Amino acid sequence: MKKIDCHTHIVTAEIRDAYFARTDGWALVMQMPESLMQNPDCVRTVRSDPRLFLCACIDLKKAVEPQLRQLEAHLDEWKVVGLKIYLTYQRGRADEPRLWPVYRFAAAHRLTVTFHTGLCSLVLPSDGDMEGSRACYVARAAEAFPQVNFVIAHMDDPRFDECVRLVAGHDNLYTDFSGAYETGTEEGGDVEGAIRTFGEAIHSCAGMERKILYGTDFCPPLNMAQLEEYDLSIERIFDREALPLVYRENCLRAFPRLRDDWGGTES
């Protein structure tokens, strides 16, 4: 069984080579707004490898509609399976009407919308809008657009319990704890403690083995080169029979375009 990493920043050939020197699964690449990190080679890198797929960023500091028009012309060429919105880093809420065109676009093209939620990288610039990134606003968007799947990335760190409760209560919500082990974070310095914290939150609601995605946030330039820590966490938190769900099958349900258009049933 090959894993699907639902959340990486493999935005250059060098990062691609570093990642695939250690693993051979598929990976979803989160494009970044240029105001956060210059990543002009992101699309080229995704197209360079059949194991990579793109979640194109929607920059909240720019008009939304022109971004969608440009993206529509390249969905297949760029292997787009989702969209990424950087809450906290960029001021905004998932339930704002200005994002309704994004969700209608996602529905029309079977795309999944991933949000950064909660605390940010230690090294990237941020608007610091922690309130705007709350999972409860993503849940409202999910209720307004039940035909679209939404991913609350990073489990709304540190609001883990609230996030899990909302995800468990909405069929079209998923979450991950990608990025948790960034060098310099509390979790990165205490993996065992982090596993206990994540495990307690995840097991606070039934059925979460079908709602958690495997994601690493892999990007060595941002001090996120950890892979083994996520394997250890997942294999400590979940029973053996749930591992195929978390490592692969949940992602295929969460990202229908990946599943349907790029042979996502491959073992």
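So, how was this worked out
- Residues numbered from 1 in each chain as written.
- Predicted model: local features only at pLDDT ≥ 70, side-chain atom pairs only at ≥ 80, totals over all residues.
- Heavy atoms only, no water.
- Core = buried A, V, L, I, M, F, W, Y, C linked by side-chain atoms within 4.5 Å.
- Buried < 20%, exposed > 50% of the residue type's maximum accessible area, 1.4 Å probe, protein only.
- Contact = heavy atoms within 4.5 Å.
- Pairing = 2+ DSSP bridges.
- Helix = DSSP H or I, 4+ residues; strand = E, 2+ residues; numbered from the N terminus.
- Axes fitted to C-alpha atoms, helices over the stretch in contact; angles between N-to-C directions.
- Polar contact = N/O pair within 3.5 Å; in protein donor to acceptor, adjacent residues only side chain to side chain.
- Phe/Tyr/Trp six-rings, centres within 6.5 Å; stacked < 30°, edge-to-face > 60°.

J.: Just to check I follow, could you spell out the nonpolar core for this structure?
T.: In a soluble, globular protein the nonpolar side chains are often hidden away together inside. Formed by 99 residues in total, the largest nonpolar core has its most connected members in L83, Y103, F150, F255 and L258. Aside from chain neighbours lying at most four places away, what touches F255 is L28, C55, V81, T112, T114, V151 and L213.

J.: What should I look at first to understand the sheet that holds strand β1 (residues 4-8) in this one?
T.: Pairing is parallel across the open sheet formed by seven strands, whose spatial order is β1-β2-β3-β4-β5-β6-β7. The sheet terminates laterally at β1 and β7 (173-175), the two strands that pair on one side only. The average undirected angle you get between the axes of adjacent strands in this sheet is 25 degrees. Pairing of strand β3 (residues 52-58) with strand β4 (residues 80-86), which is carried by five bridges, proceeds in the parallel orientation. Paired with I58 across the two strands is I85, which belongs to β4. Helix α6 (residues 160-168) contacts β6 (150-153) and β7 of the sheet and is inclined by roughly 145 degrees relative to β7.

J.: Explain the side chain of H116 here, please?
T.: Tracing the backbone through its elements, the reader meets H116 in strand β5 (residues 112-116). A polar atom in the side chain of H116 sits 3.3 Å from the backbone oxygen of G118. A polar atom in the side chain of H116 sits 3.0 Å from the backbone oxygen of L119. For H116, the residues in contact, after removing those within four places along its chain, are K84, I85, Y86, L87, T88, Y89, S133, A153 and H154.

J.: Would you mind showing me how to read the packing of aromatic side chains here?
T.: Two aromatic rings are characterised by how far apart their centres lie and by the angle between their planes. Per the stated rule, a full pass over the model turns up 17 aromatic pairs. Geometrically, the ring pair formed by W100 and Y103 is tilted, given 5.8 Å between the ring centres and 45 degrees between the ring planes. Taken together, the positions of W100 and Y103, both in helix α4 (residues 100-109) and three residues apart, correspond to about one turn of that helix. Through successive ring pairs, a cluster of aromatic residues spans W100, Y103, F115, F145 and F150.

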